[in-house]
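An overview of the molecular structure
These are the residues of each chain, in order.
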Amino acid sequence: MADRRTSIMEAAARVIARRGVRGLRVEELAAEAGVSTALIYYHFKDRTGILRSTLEFISDRAERYTTRREPGAPPLEARAELEQTLLLEFQDVPEVRENSTAWGELRASAVFEPELREDLARSTLIRVQEVAELLGKVRPTGGAAALAGSAERLTALLEGLSVRWLSGSLPLSHARELMAGAIDGELEMLARR
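All values reported here derive from a predicted model rather than from experimental measurement.

Reading guide: rules and limits
Residues numbered from 1 in each chain as written. Predicted model: local features only at pLDDT ≥ 70, side-chain atom pairs only at ≥ 80, totals over all residues. Heavy atoms only, no water. UniProt positions renumbered as here; feature names shortened; annotations may be inferred. Helix = DSSP H or I, 4+ residues; strand = E, 2+ residues; numbered from the N terminus. Buried < 20%, exposed > 50% of the residue type's maximum accessible area, 1.4 Å probe, protein only. Contact = heavy atoms within 4.5 Å. Core = buried A, V, L, I, M, F, W, Y, C linked by side-chain atoms within 4.5 Å. Phe/Tyr/Trp six-rings, centres within 6.5 Å; stacked < 30°, edge-to-face > 60°. Lys NZ or Arg CZ within 6 Å of the ring centre and 35° of its normal.

This part covers the UniProt feature "DNA-binding region" (unreviewed entry) in the protein. Under the feature "DNA-binding region" (unreviewed entry), the UniProt entry names residues 25-44. For residues 25-44, helix accounts for 80% and strand for 0%, while the C-alpha atoms at its two ends are 14 Å apart.

What follows is the structure, encoded as structure tokens:
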């Protein structure tokens, strides 16, 4: 059953990335996943359940591809771990493009679908906290508020740059350069505090 649920979540991310949240139809999702609509309703109860589960799925998937290490590789130094976590959001591979596009669609839809706001806010807070923790490893003397502010700015910039890159307004290499520069700037600011 876990494999079926995963295949439904993968299909949901694809459909949302391709058609947007408003374009998500359970019948199309079922066809994309190769399952019946009844099975989708069995797992997720309703459309909101599908959206909430998809949000969790893409958050977990992003964590996997931004923290992936080769087996037996030595642990990264704190700064390298921070950079990898943020810069691996900018990869021209289908999984990352799909994930980033679906995240943007879910974020935009929360304007019109208030039932998603709490889940989206929770996912965003978790991501900000993870980045703040990484920043704290690099700048352990940074206060909690300063680390949280830096993490908030970096994650907001990541989302904005991602939208520009995915929409063709910004080359991938330039998005990565801007993100790397922002990391440098935030670390310098934290060092001065």
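Picking up after the structure, the text goes on.
Inspection of the secondary structure assignment puts E81 in helix 5 (residues 78-87). Owing to a relative accessible area of 19%, E81 belongs among the buried residues under this scheme. Look past the residues within four positions of E81 in its chain and what remains in contact with it is R69, L76, L134 and K137.

Core analysis: the biggest nonpolar cluster contains 28 residues, and I8, L29, I40, I50 and L106 have the highest contact counts within it. When contributions to this core are tallied by element, the ones reaching two or more residues are helix 1 (2-19), helix 2 (26-33), helix 3 (37-44), helix 4 (47-67) and helix 6 (94-109). For this core, the element with the highest residue contribution is helix 1, accounting for seven residues. Once you skip the residues sitting within four places of it in the chain, L29 turns out to touch I8, A11, A12, V15, L24, I40 and I50.

Further remarks concern the packing of aromatic side chains. Under the criterion given, the structure shown has one aromatic pair. Here F90 and W165 contribute two aromatic rings whose centre-to-centre distance is 6.3 Å and whose plane-to-plane angle is 65 degrees, an arrangement assigned as edge-to-face. Within this pair, whereas F90 is found in the loop between helix 5 and helix 6, its partner W165 is found in helix 8 (residues 144-166), the two being separated by 75 residues in sequence. Like W165, F90 is buried. For R22, the ring lying beneath its charged end belongs to F112, and the centroid distance is 4.4 Å. Across the ring face of Y42, the terminal group of K45 is positioned such that the distance to the ring centre comes to 5.9 Å.

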